[in-house]
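The chain contents come next:
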Amino acid sequence: MSPLEAIICIQPDPPRFDAIPTYKITCYPLEKRDYKPFAQAQVCLAPGELWLRLWAFEARPRPGSQVEAVLAPREGAGLVRLSARADGSWRCVWRRPGGEEEPLEAALRPMAGDDFQGEYWGVSAALPRPRVEQALGPLEAGSVVLGNFYKRSRDPDKPHHGSCWPADFAGGREYEAVSLVPFTVVRY
């Protein structure tokens, strides 16, 4: 696997998050100061859901501080985007090829705690697999979708825009193919 590709592991229900890759959000191309909060993400596929876990290490995050996941079909247009804020609000949408957005249901649980890296906040979310496959196409071993993970905030005191893989924040194309990498579904 090259640094510009990733995997979505097929897991039992419930998933074993300790057995799948954790992706690090460390690319902050526009950050002029030294505020680049470390964040992480995981993604896996269970029989009935696509699971996403996103968390950021911020001791006192601003309410608008957010983590995001974007997945898009390899061919065609549209995308699935989950965003969750430190204030507990969240949004999950299917952006159709024409640009209209349709809400996607998700079972979402907040995460918070601390470990050797510091205090963190985040979410664990289960998206219904049939709806996700309606947006992305069939997800089975060998399938490929595009995606990226983000840590963002437009708060004037601590604005930042970070991603796991390089994203075109300056050009406003952070959710377009130029900013997404291939995710291959694998049995794991």
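Above: the structure in question.
Conventions adopted
- Residues numbered from 1 in each chain as written.
- Predicted model: local features only at pLDDT ≥ 70, side-chain atom pairs only at ≥ 80, totals over all residues.
- Heavy atoms only, no water.
- Salt bridge = Lys/Arg side-chain N within 4 Å of Asp/Glu carboxyl O.
- Helix = DSSP H or I, 4+ residues; strand = E, 2+ residues; numbered from the N terminus.
- Buried < 20%, exposed > 50% of the residue type's maximum accessible area, 1.4 Å probe, protein only.
- Core = buried A, V, L, I, M, F, W, Y, C linked by side-chain atoms within 4.5 Å.
- Contact = heavy atoms within 4.5 Å.
- Phe/Tyr/Trp six-rings, centres within 6.5 Å; stacked < 30°, edge-to-face > 60°.
- Lys NZ or Arg CZ within 6 Å of the ring centre and 35° of its normal.

Time to look at the pattern of salt bridges. Opposite charge on two side chains permits pairing when their charged atoms draw close. Inspection of every chain in the model, using the stated rule, returns 13 salt bridges. Across the pair Lys-151 and Glu-58 runs a salt bridge, and its minimum N-O distance is 3.3 Å. Of the two residues, Lys-151 is situated in strand E11 (residues 144–153) and Glu-58 in the loop between strand E4 (49–56) and strand E5 (66–73); the sequence distance between them amounts to 93 residues. Residue Lys-151 shares its accessibility class with Glu-58, and that shared class is buried. A salt bridge links Arg-129 to Glu-133, with the nearest nitrogen and oxygen atoms 3.2 Å apart. You can see Arg-129 and its partner Glu-133 sitting in helix H1 (residues 129–136), four residues apart, about one turn around the helix. The class of Glu-133 is partly exposed, set by a relative accessible area of 25%.

Membership of the largest hydrophobic core comes to 46 residues, with the highest contact counts inside it found for Ile-8, Tyr-23, Leu-54, Leu-127, Phe-149, Trp-165 and Phe-183. Not counting the four nearest positions on each side in its chain, Tyr-23 is found in contact with Ala-6, Ile-7, Ala-39, Gln-40, Ala-41, Phe-149, Cys-164, Trp-165 and Phe-183. If you look at the next biggest cluster of nonpolar residues, it comprises nine residues, including Leu-146, Tyr-150, Ala-167 and Leu-180.

Now for the packing of aromatic side chains. What the rule picks out here adds up to eleven aromatic pairs. On the numbers, 6.1 Å between centres and 70 degrees between planes, the contact of Tyr-23 with Phe-183 is edge-to-face. Placement of the pair is Tyr-23 in strand E2 (residues 23–25) and Phe-183 in strand E13 (residues 181–187), with a sequence separation of 160 residues. For the residue pair Tyr-23 and Phe-183, the accessibility class agrees, reading buried in each case. Between Phe-149 and Trp-165 the ring centres are 6.3 Å apart and the planes differ by 35 degrees, which places this aromatic pair in the tilted class. With Phe-149 in strand E11 and Trp-165 in the loop between strand E12 (160–163) and E13, this residue pair connects regions lying 16 residues apart in the sequence. You can call Phe-149 buried: its relative accessible area is 1%. On the basis of relative accessibility, which here comes to 6%, the residue Trp-165 falls in the buried class. Put simply, the rings of Tyr-23, Phe-149, Trp-165 and Phe-183 touch in pairs and so form one group of aromatic residues. When the ring centre of Phe-17 is taken as reference, the NZ or CZ atom of Arg-53 above it lies at 4.4 Å.

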